[in-house]
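Per-entry structural report
The chain contents come next:
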Amino acid sequence: MSQYYENHASVHKGTVQEHDVIMRGRKLIEITGVKQVESFDSEEFLLDTVMGALAIRGQNLQMKNLDVDKGIVSIKGSRIFDLIYLDEQHSEKAKGLFSKLFK
């Protein structure tokens, strides 16, 4: 898989400039262009990507791989239910809610 990223992502100074989402069988998802993992638990991940905030919901979710330098995140679970890009208004509300919960 790393060969895919090296050949298809625009890598500049260790960061991925493109944003790709690859899902395998609703159990594994690989995402490039991740700037930050805002929050996560076994049912939801909230990621800040180069294309905006991305919420991933599912069952028994776990972070399989995280490469901060390249902006790559892999998440596995029993089942992935949905991927939702949040607009600015929803993104700020979600971040505010998570920051209150985790303080």
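Please read all numbers here as calculations on a predicted model, not as lab measurements.

Moving on, we get to unusual backbone geometry. One non-glycine residue with positive phi stands out, namely Arg 26, at about 60°. Looking at the secondary structure, you find Arg 26 in the loop between strand E3 (21-24) and strand E4 (28-31). For Arg 26, a relative accessible area of 35% puts it in the partly exposed group. Unlike most non-glycine residues, Asn 60 shows phi in positive territory, near 55°. Relative to the assigned elements, Asn 60 resides in the loop between strand E7 (52-59) and strand E8 (62-67).

Taking strand neighbours across the sheet as the criterion, the four strands line up as E3-E4-E9-E8 in an open arrangement whose pairing is antiparallel. One side of each edge strand has no neighbouring strand; the edge strands of this open sheet are E3 and E8. On average, adjacent strands in this sheet sit at an angle of 10° to one another, irrespective of strand direction. Bridging between E3 and E4 involves four bridges; their strand directions are antiparallel. Looking at the pairing, Val 21 lines up with Ile 31 of E4.

Thresholds, definitions, all that
- Residues numbered from 1 in each chain as written.
- Predicted model: local features only at pLDDT ≥ 70, side-chain atom pairs only at ≥ 80, totals over all residues.
- Heavy atoms only, no water.
- Helix = DSSP H or I, 4+ residues; strand = E, 2+ residues; numbered from the N terminus.
- Buried < 20%, exposed > 50% of the residue type's maximum accessible area, 1.4 Å probe, protein only.
- Pairing = 2+ DSSP bridges.
- Axes fitted to C-alpha atoms, helices over the stretch in contact; angles between N-to-C directions.

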